[in-house]
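A closer look at the structure
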Amino acid sequence: MSFSERLLEAGSEIWDAQKEHPFVVELAEGTLDEAAFRHWVKQDYRYLLDYARVFALAGTKADDEETTRRLTGTAHATLADEMELHRSFAADYGLSPADLEAVEKAPTCAAYTDFLVRTAHEGSIAEVAAAVYPCGQGYLDVADHMASLAGEKHRYTPFIEKYTSDAFRETVGWMRELVDRYGEAYPGERDAMRAAFLRSARLEHAFWEMCYTEEEWRV
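Rules behind the numbers
- Residues numbered from 1 in each chain as written.
- Predicted model: local features only at pLDDT ≥ 70, side-chain atom pairs only at ≥ 80, totals over all residues.
- Heavy atoms only, no water.
- Helix = DSSP H or I, 4+ residues; strand = E, 2+ residues; numbered from the N terminus.
- Rg over C-alpha atoms; globule rule 2.2 N^0.38 Å.
- Buried < 20%, exposed > 50% of the residue type's maximum accessible area, 1.4 Å probe, protein only.
- Contact = heavy atoms within 4.5 Å.
- Areas by Shrake-Rupley, 256 points an atom, 1.4 Å probe, with all protein chains shown as cover.
- Lys, Arg positive; Asp, Glu negative; His and termini not counted.
- Charge placed at Lys NZ, Arg CZ, Asp CG, Glu CD.
- Expected span 1.5 Å × (residues − 1).
- Bend = angle between axes of the 7 residues up to and from the residue.
- Phe/Tyr/Trp six-rings, centres within 6.5 Å; stacked < 30°, edge-to-face > 60°.
- Core = buried A, V, L, I, M, F, W, Y, C linked by side-chain atoms within 4.5 Å.
- Patch = residues over 30% accessible without salt bridge, like charges linked within 9 Å, V, L, I, M, F, W, Y side chains within 5 Å.
- Salt bridge = Lys/Arg side-chain N within 4 Å of Asp/Glu carboxyl O.

Right, let's talk about the overall build of the protein for a bit. When you go through the protein residue by residue, the secondary structure sums to 11 helices and 0 strands. Taken over C-alpha atoms, the radius of gyration comes to 17 Å for the protein, in line with the 17 Å a tight globule of 219 residues would show. Taken along the three principal axes of its C-alpha coordinates, the protein extends 45 × 35 × 35 Å. Within the protein, the fraction of its 219 residues that count as buried is 50%. Once local pairs closer than 6 in sequence are excluded, the contacts in the protein between residues at least 24 apart make up 83%. In the form shown here, the protein has an accessible surface area of approximately 10,100 Å², with 49% of it arising from carbon and sulfur atoms. Of note, the protein has its 23 positive side-chain charges centred 3 Å away from the centre of its 41 negative side-chain charges.

So, on to helix H8 (residues 125-149). An α-helical turn contains 3.6 residues, so any two residues separated by three or four positions project in the same direction. Across its 25 residues, H8 extends 36 Å between first and last C-alpha, which sits within 8% of the 36 Å expected from 1.5 Å per residue. Of all the bends in H8, the largest measures some 30° and sits at Tyr133, one to four residues before the proline Pro134. H8 sits mainly inside the fold: 19 of its 25 residues count as buried.

On to the environment of Thr157. Note on placement: Thr157 falls in helix H9 (residues 157-162). In this structure, the C-alpha to C-alpha distance between Thr157 and Ala147, residues 10 residues apart in sequence, is 8.7 Å.

For the structure on display, the rule yields 20 aromatic pairs. Judged by centre distance (6.0 Å) and plane angle (35°), the rings of Tyr133 and Phe197 are tilted. Linking Tyr133 in helix H8 with Phe197 in helix H11 (residues 190-212), this pair joins segments that are 64 residues apart in sequence. A residue is classified by how much of its surface remains accessible, and Tyr133, at 0% relative accessible area, is buried.

All right, on to the nonpolar core then. In terms of nonpolar packing, the biggest core is built from 71 residues, with Phe37, Trp40 and Phe159 touching the most fellow members. Ranked by the residues each element gives to this core, the list is headed by H8, at 14 residues. Residue contacts for Phe37: discarding those within four places in its chain leaves Phe23, Leu27, Leu32, Phe89, Tyr93, Tyr156 and Phe159.

Quick look at a negative patch on the surface now. The grouping of Asp33, Glu104, Glu214 and Glu216 at the surface amounts to a negative patch. Note that Glu214 resides in the segment after H11. Since its relative accessible area comes to 39%, Glu214 is described here as partly exposed.

Further remarks concern the pattern of salt bridges. Any two side chains of opposite charge can pair if their charged atoms end up close together. Following the criterion strictly, the structure yields 11 salt bridges and no others. For Glu34, the salt bridge identified is with Arg38, shortest N-O distance 3.9 Å. Placement of the pair is Glu34 and Arg38 together in helix H4 (residues 34-61), with a separation of 4 residues, close to one helical turn. When its relative accessible area of 35% is taken as the criterion, Glu34 is described as partly exposed. Here Arg46 and Glu101 are joined by a salt bridge, their closest N and O atoms 3.7 Å apart.

Below, the structure is given as structure tokens:
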């Protein structure tokens, strides 16, 4: 069993909880309340800004040219492609780019991005790889599950198609290989990698709940 497989096994209950979350199930069926999806668009847009920063920071820690190129390239692709998809989603729901820029992170989004950015600054390259892996693998696995639940096309079909696309699968495959490479190369980092992976996985699940409940700051 590869190290990434062992991480996924350790987080299997979290993965199951994500797939069973009502946000995920209702999005797959096309019945998710528009307000919940709009909340996801706004909060995930803010999340992606920091996600891109994390990959850029990780690029400064990589010890070979190819990994540096791929990490910084992923940061660029997040800003250029994935965030453009979010702007497209936003326009469909009456949100302008200015509206997205003005969004305040909800508590869960802030907790997640704070953890990732702190890990990128203070952690090893192995920890960073493990910390970002649940987002990629989680979205792919959840979207595959959504595709299995979905019937006819509906307003949320583009979401499912984006996160089951060949391009996204390739990116997640590369992230998985990176986790395996660092888990093999730095056995002393495995406990820290596992802890980072599980923290991000739990925050991924919390992110779905945040969107479904339209979480905001209470005061």
